[in-house]
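Next come the chains, spelled out residue by residue.
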Amino acid sequence: MLNNIFKAICVIFFMSGMLGCAGNTMKEIQPVKQVDLSRFMGDWYVIAVIPTMIETQAYNAIENYALNPDGTIATTFTYYKGGFDGPLKTYHPKGFVQPNTGNAIWGMQFIWPIKADFRIAYLDADYQRTIIARNARDYVWLMARTPTIAATEYEDMLQFTKALGYDITKIRKVPQSWPAPATTLSN
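Let us now look at the overall build of the protein. A tally of regular secondary structure across the protein gives three helices and 10 strands. Starting at the N terminus and walking to the C terminus, you meet the elements of the protein as α-α-β-β-β-β-β-β-β-β-β-α-β. Considering the protein as a whole, with its 187 residues, one finds that 44% of them fall into the buried category. Considering only intrachain contacts with a sequence separation of at least 6, the fraction spanning at least 24 residues in the protein is 56%.

Now the structure itself:
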């Protein structure tokens, strides 16, 4: 039953993207020129988002990427629904890097054969912050390697997203709360 609901949500996600593209007269979002996939792999904390239906109540959201031997991207998206103590939700879409895009445009597949537009529109030089955008400008993900970022970095990412043509009033900060790292006392 839940699998069927998830598939229905993915179809709606795909259709909204298709309809958004049909009516979208904005310029195509240009991705970054080149992505070193090995450096891009790993955990990304979702700092803020224009959410899909499944993300509207996400807490401690993390997107993890792992490069498969065939060049596809194994993706694990996890979050707690409704609060930090809510039920853990996990999804496993697969990313398909589009050829001749510098590894910066992927098709993200939740269900076969649909591949949603996924563009790495911003990536800092240290691979610490990224913005994943879509031409339809319906969803966007501002992510970082840490659960929080400086207010100035967040504002810069918001302004970059706005310059892409997004309505940034729709962006929702994703609550992130993780235990503090253990410290050792030295005598």
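Next comes the rest of the write-up.
Take the pattern of salt bridges next. Oppositely charged side chains can pair when the atoms bearing their charge come close. Applying the stated criterion across every chain yields a total of five salt bridges. Of the charged contacts in the structure, one is a salt bridge between Glu-153 and Arg-129, with a shortest N-O distance of 3.3 Å. Placement of Glu-153 in helix H3 (residues 151-163) and of Arg-129 in strand S8 (residues 129-133) is noted, with a sequence separation of 24 residues between them. Members of the salt-bridge network, linked through shared partners, are Glu-28, Asp-117 and Arg-119.

End to end, H3 covers 18 Å across 13 residues, agreeing with the expected 18 Å (1.5 Å per residue, within 8%). Every buried residue of H3 is accounted for by Tyr-154, Met-157, Leu-158 and Thr-161. For H3, the buried positions fall inside an angular range of 100° around the axis, keeping them on one side. Counted as exposed and oriented over 90 degrees from the buried face of H3: Thr-152, Asp-156 and Ala-163. One or two steps after H3, the chain reaches Gly-165, where phi turns positive at roughly 105°.

Cut-offs used in this document
Residues numbered from 1 in each chain as written. Predicted model: local features only at pLDDT ≥ 70, side-chain atom pairs only at ≥ 80, totals over all residues. Heavy atoms only, no water. Helix = DSSP H or I, 4+ residues; strand = E, 2+ residues; numbered from the N terminus. Buried < 20%, exposed > 50% of the residue type's maximum accessible area, 1.4 Å probe, protein only. Contact = heavy atoms within 4.5 Å. Salt bridge = Lys/Arg side-chain N within 4 Å of Asp/Glu carboxyl O. Expected span 1.5 Å × (residues − 1). Arc of directions from axis to C-beta.

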